[in-house]
Amino acid sequence: DVKVTQSSRYLVKRTGEKVFLECVQDMDHENMFWYRQDPGLGLRLIYFSYDVKMKEKGDIPEGYSVSREKKERFSLILESASTNQTSMYLCASSSGRDTGELFFGEGSRLTVL
Amino acid sequence: QKEVEQNSGPLSVPEGAIASLNCTYSDRGSQSFFWYRQYSGKSPELIMFIYSNGDKEDGRFTAQLNKASQYVSLLIRDSQPSDSATYLCAAPPRGRSTQGGSEKLVFGKGTKLTVNP
């Protein structure tokens, strides 16, 4: 069965802290994504990776960076967390064969105080 | 205008009725559209996709694409309380920057559907 695992379901951090969100997929997928989901704003793409060490900015990359050192793992980094980064973060992966099917993890709810 | 817009909602229908969910898009070159369902507290999952003008049926679900009018619809027949969820319309972004980039989907804000017993 397809599995995308996000390391933390709930995190509470303080303003200015560095935050790491980890995501692992077991489907040998080429593509991995980080979205954030906010009420009234929907799902917005932060970063996309189409191969190891390759990445593209999404619609809202400011304040975030990513790392993909291994095919199965995609990390989202908040260098200095701010309160406006309080959100639900969703990792997803896809095969890269243009199926349009993204497999999402369960999400990480981050609260920045 | 956002690439994919869902302006209707929330939507409430009685059990057994037809629920109609709509989505408009701005890029006339868009070729493929996807409907994701997201239960409360859960992650989105793909339920339908459509590439061609017309209707595509899968069980109680029908996706409709009208390229001339630039809208996509999802009809749910014989709605059940278990269909209560937020439905997200999605499409690939304008252009295609990288291999697999067509899966870098742009999502609408979603329409929350409640089916009342």
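Remember, predicted model here, so these are calculated numbers, not experimental data.

J.: Would you mind going over the overall build of chain B with me for this structure?
T.: Summing up its helical and strand segments, chain B has zero helices and 11 strands in all. Along chain B, from the amino end to the carboxyl end, the secondary structure elements read β-β-β-β-β-β-β-β-β-β-β. With the C-alpha coordinates aligned to their principal axes, the bounding extent of chain B is approximately 45 × 30 × 25 Å. Burial statistics for chain B: of 117 residues in total, 48% are counted as buried.

J.: What is the right way to look at the interface of chain A and chain B in this model?
T.: Size of an interface: often given as the accessible area lost when the parts come together. With 26 residues of chain A in contact, the opposing surface of chain B contributes 20 residues. Summed over both sides, the interface of chain A with chain B buries roughly 1900 Å², with 47% coming from carbon and sulfur. For the pair chain A and chain B, the interface holds one salt bridge. The closest approach of N and O atoms between Glu-56 of chain A and Lys-104 of chain B, which form a salt bridge, is 2.7 Å. On the surface where chain A and chain B come into contact, there are 12 residue pairs in polar contact (both at pLDDT 80 or more). Those elements that place two or more of their residues in the side of chain A that touches chain B are strand E4 (31–38), strand E5 (42–51) and strand E9 (87–94) of chain A. Ranked by residue count, the leading element in the side of chain A that touches chain B is E5 of chain A, at five residues.

J.: For this particular structure, what's the right way to read unusual backbone geometry?
T.: Residues and elements named next belong to chain A. Even without a glycine there, the phi angle at Asp-28 is positive, about 60°. Within the secondary structure layout, Asp-28 lies in the loop between strand E3 (19–25) and E4. In this structure Asp-28 comes out as exposed when scored by relative accessible area, which is 55%.

J.: When you look at the packing of aromatic side chains in this model, what are you seeing that I'm missing?
T.: What describes a pair of aromatic rings is the distance from one ring centre to the other and the angle between the planes of the rings. Inspection of every chain in the model, using the stated rule, returns 12 aromatic pairs over all chains. Ring geometry for Phe-48 of chain A and Tyr-50 of chain A: centres 6.0 Å apart, planes at 40°, overall tilted. One residue, Lys-56 of chain B, lies across the ring of Phe-49 of chain B, its end atom 3.3 Å from the ring centre.

J.: What's the story with the environment of Ala-17 of chain B in this structure? I'm lost.
T.: All names here are of chain B. Note on placement: Ala-17 falls in the loop between strand E2 (11–14) and strand E3 (19–25). As a C-alpha pair, Ala-17 and Tyr-36 span 19 residues in sequence and 20 Å in three-dimensional space. In this structure Ala-17 touches Ile-76, Arg-77, Asp-78 and Ser-79, once residues within four positions along its chain are discounted.

J.: Quick question: what am I supposed to make of the pattern of salt bridges here?
T.: All names here are of chain A. Across all of its chains, the model carries 12 salt bridges over all chains by this definition. As a salt-bridge pair, Glu-22 and Arg-73 come within 4.0 Å of each other at their nearest N and O atoms. Of the two residues, Glu-22 is situated in strand E3 and Arg-73 in strand E8 (residues 73–78); the sequence distance between them amounts to 51 residues. Since its relative accessible area comes to 38%, Arg-73 is described here as partly exposed. Three or more residues joined by partner-sharing salt bridges are found here, namely Asp-28, Glu-30 and Lys-71.

J.: What am I meant to see in the sheet that holds strand E6 (residues 54–58) of chain B here?
T.: Strand pairing in a sheet relies on backbone hydrogen bonds. The paired strands run either parallel or antiparallel. Residues and elements named next belong to chain B. Judged by pairing direction, the sheet is antiparallel, and its five strands sit side by side in the order E1-E3-E8-E7-E6 without closing on themselves. Two strands close off the open sheet at either side, each with one partner strand: strand E1 (4–5) and E6. In terms of strand pairing, E1 meets E3 through two bridges, oriented antiparallel. Bridging across to E3, Val-4 finds its partner in Tyr-25.

Conventions adopted
Residues numbered from 1 in each chain as written. Chains lettered and ligands numbered in written order. Predicted model: local features only at pLDDT ≥ 70, side-chain atom pairs only at ≥ 80, totals over all residues. Heavy atoms only, no water. Helix = DSSP H or I, 4+ residues; strand = E, 2+ residues; numbered from the N terminus. Buried < 20%, exposed > 50% of the residue type's maximum accessible area, 1.4 Å probe, protein only. Contact = heavy atoms within 4.5 Å. Buried area = accessible area lost by both parts, 1.4 Å probe. Salt bridge = Lys/Arg side-chain N within 4 Å of Asp/Glu carboxyl O. Polar contact = N/O pair within 3.5 Å; in protein donor to acceptor, adjacent residues only side chain to side chain. Phe/Tyr/Trp six-rings, centres within 6.5 Å; stacked < 30°, edge-to-face > 60°. Lys NZ or Arg CZ within 6 Å of the ring centre and 35° of its normal. Pairing = 2+ DSSP bridges.

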